[in-house]
Amino acid sequence: MGLGILDDHLLQHVPAGSAVLPGGVQLQTATSPEELDPRLKYDMSGKKPVVLIPQPSDDPDDPLNWSLLRRDLITTVLCMVSIMAATLGPILAANTVTLAFFWGRTFTDVALLTGYHLLGVGVAGFIFVPSARVWGKRHLYILGTILLVLSSVWGGAAKTYKSLLWARIIQGVAVTPFEALVNASIGDLYPVHLRGKRMAFTNFALFGGAFFTPVIVGKMTSVMGWRWPFYFVAIFSGVLFPVVFFCVPETAYRRKFNTDMASTEDLLFPQRNEDPSKELKEPSGPTANGTSKPSPVSQQSQKRTPYIQRLALFNGRKTDESMLKLILRPFPLLFHPAILWGMLTQGTLIGWTVVIGVVLGIVFMGPPLWFTEVKTGYMYTGAFLGAMLGFLMSGILSDWSAKFLAKRNGGVYEPEFRLFLVIPQTVIGVVGLFGFGWTSADIGKYGHYWPTFFFGMEVMGMVLGATASALYLVDAHRDLSIESFTCLLLFKNFFSFALTWYAVDWVQKHGVWEVFRYVGVAQLAVGLLSIPMYIFGKRNRSLTHRHDILKMTGLR
């Protein structure tokens, strides 16, 4: 048993890799370069050498062989576009009353402008994610950026409620590549020990951008009208389009051997099932940027693809699997224990922000405060600061905790170590929900500062949970990472869509505190699910490997 994680005795090697014990990765393997195994590639940038998981190939087109600066540039560009995409979700949050009077519609109808946007994200995920699995992600990032421009122009120019509703649905389609695939690209670009901070950064881009939007939009609406926020999204997305086109190459890479799921024995003998006499060729040696340079022999036989060719939308299939099967895969995976845990851990706190938005829109804009859209927008400042603090905490704790626990575990990394982020997520998120409900139920006494503070805590917990779930699924179930992100996307968007239908009536009928009392208890129960997930995580990996639900349903 490694730090409370139950060992599995049915498989010699549990998927997710282990250097000493089944199921983990030995991150720190030597105290000096002289002790390194010449058959493996290492990251030498830290105090101790770290085995690169996955192991880079000798192909210069392998993203793991690109310079760290180039990979970070790609990540930065994707985060910038993700911010634009994220703004579209809450772009109407501060304008509930304004739009209700403008269109002569109910508050529920206005909430559904966001609900159908989320529905568009979820439905598009069924097609876009399998397409990414087959053809890669570049064409979807480019398509998504184009749709951001066109749909935002449409939204700003809409003459009827129905036209705006359809524009919102197409905007949801445009957002899908960035919500569903950016975290998967982090898995393409970086080895395990470099993913934590980058994934925290991408989650901050999505959530921070989303919660800073109402702060600006409220003021913009009062000065320029509700249409101009859409036009500004179109303008900035248009500026970013050439940057995406020229600076974001294809990150998906078809590997002959997936060392992301390998043990040390597998790393040294990747073709042992085919020919035990074959061993991995010695690499040219470690470098400090988290990868290894191709050997001279490889450079003669494998030349780097010219830049012009790298601009192509497609560069070959990434899998031979059927597109139809890939489309159907998320349905049985909804019952995969780890993916179900991830959906609840990430999706519930995101969904509760819909209920919070309803309270801000109909409670604070009524008596006794009578907030305008400007002041309502300013209340999202706490949420933005919470997202920023969540980003900083998850960035600091994610990789540090994994390395610290691996050290305490005899140098063995277990993917379940990522679940420790759920502890601060649950404490901060649940306190935020209870606190927001309690203070918002009596705004005459508590005013708007305390609800704003607790809203920030809820969002801080949300970012921590999103980072924890994404990191765990990428590390523990790398072969299902794209499908798992599809399931997360579907759950959080369909769950949020359902809440837009019922949240207004729910709050009006039962009152703010009654609603958030139940919401807080539900979130606490979700957080406690991480305890059995941590203890039985390795056995679950073994179980799902031995009883592959995709093979059982004929989808693999």
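1. Concerning the packing of aromatic side chains
Reasoning step 1: All chains considered together, the criterion is met by 34 aromatic pairs.
Reasoning step 2: With a centroid separation of 5.2 Å and an interplanar angle of 10°, the aromatic rings of tryptophan 400 and phenylalanine 404 are classed as stacked. Placement of both tryptophan 400 and phenylalanine 404 in helix 15 (residues 381-408) is noted, with a separation of 4 residues, approximately one turn of the helix.
Reasoning step 3: Residue classification places phenylalanine 404 among the partly exposed residues on the basis of a relative accessible area of 35%.
Reasoning step 4: Ring pairing ties together the aromatic residues Phe201, Phe204, Phe212, Phe384 and Phe391, which thus form one cluster.
Reasoning step 5: Sitting above the plane of the tyrosine 161 ring, arginine 105 keeps its charged end 4.1 Å from the centroid.
Reasoning step 6: Here the basic side chain of arginine 517 rests over the ring of tyrosine 518, its NZ or CZ set 5.7 Å away from the ring centre.

2. A word on the side chain of threonine 251
Reasoning step 1: Its place among the elements puts threonine 251 in the loop between helix 7 (228-247) and helix 8 (264-268).
Reasoning step 2: The class for threonine 251 is buried, based on a relative accessible area of 2%.
Reasoning step 3: At 3.4 Å, the side chain of threonine 251 forms a polar contact with the side chain of serine 185.
Reasoning step 4: A distance of 3.1 Å separates a polar atom in the side chain of threonine 251 from a polar atom in the side chain of aspartate 188.
Reasoning step 5: Apart from residues lying up to four places away in sequence, threonine 251 is in contact with Pro63, Ile74, Lys137, Ser185, Asp188 and Leu189.

3. Concerning the packing of helix 1 (residues 68-87) against helix 5 (residues 161-189)
Any two packed helices are characterised by how steeply their axes cross, that is the angle between the axes, and by the distance between the axes.
Reasoning step 1: Packing of helix 1 against helix 5 brings their axes to within 10 Å, and their N-to-C directions diverge by 160°. In terms of orientation, helix 1 lies roughly antiparallel with respect to helix 5. By crossing handedness, the relation of helix 1 to helix 5 is classed as left-handed. Of the residues in helix 5, those touching helix 1 at Arg71, Ile74, Thr75, Leu78, Val81, Ser82 and Ala85 are Val175, Phe178, Val182, Ser185, Ile186 and Leu189.
Reasoning step 2: The residue makeup of the contact of helix 1 with helix 5, split by class, is 9 nonpolar, 3 polar and 1 charged.

4. A few points about helix 15
Reasoning step 1: Compared with the 40 Å implied by 1.5 Å per residue over 28 residues, the 39 Å span of helix 15 between its first and last C-alpha is a close match.
Reasoning step 2: Downstream of helix 15 by one or two residues, glycine 410 has phi in the positive range, about 75°.

5. Overview of the pattern of salt bridges
Reasoning step 1: One pass over the structure, following the stated rule, counts 17 salt bridges.
Reasoning step 2: We note a salt bridge from aspartate 58 to lysine 41, for which the minimum N-O separation is 3.0 Å. With aspartate 58 in the loop between strand 3 (50-51) and helix 1 and lysine 41 in the loop between strand 1 (25-26) and strand 2 (42-43), this residue pair connects regions lying 17 residues apart in the sequence.
Reasoning step 3: For the salt bridge of glutamate 416 with arginine 541, the shortest nitrogen-to-oxygen distance reads 2.7 Å. Taken together, the positions of glutamate 416 in the loop between strand 4 (412-413) and helix 16 (422-440) and arginine 541 in helix 22 (residues 537-546) put the pair 125 residues apart, joining distant regions of the chain.
Reasoning step 4: Residue glutamate 416 is classed as buried on the basis of its relative accessible area, which comes to 0%.
Reasoning step 5: Note on arginine 541: relative accessible area 1%, which makes it buried.
Reasoning step 6: One continuous salt-bridge network, built from bridges that share partners, spans Asp7, Glu414, Glu416, Lys538 and Arg541.

What counts, and where the lines are drawn
- Residues numbered from 1 in each chain as written.
- Predicted model: local features only at pLDDT ≥ 70, side-chain atom pairs only at ≥ 80, totals over all residues.
- Heavy atoms only, no water.
- Phe/Tyr/Trp six-rings, centres within 6.5 Å; stacked < 30°, edge-to-face > 60°.
- Helix = DSSP H or I, 4+ residues; strand = E, 2+ residues; numbered from the N terminus.
- Buried < 20%, exposed > 50% of the residue type's maximum accessible area, 1.4 Å probe, protein only.
- Lys NZ or Arg CZ within 6 Å of the ring centre and 35° of its normal.
- Polar contact = N/O pair within 3.5 Å; in protein donor to acceptor, adjacent residues only side chain to side chain.
- Contact = heavy atoms within 4.5 Å.
- Axes fitted to C-alpha atoms, helices over the stretch in contact; angles between N-to-C directions.
- Parallel < 35°, antiparallel > 145°, perpendicular 65-115°, else oblique.
- Left-handed = near helix turned anticlockwise from the far one by under 90°.
- Nonpolar A, V, L, I, M, F, W, Y, C, P; charged D, E, K, R; others polar.
- Expected span 1.5 Å × (residues − 1).
- Salt bridge = Lys/Arg side-chain N within 4 Å of Asp/Glu carboxyl O.

So, to be careful, I would describe these as geometric facts and stop short of saying anything about function.
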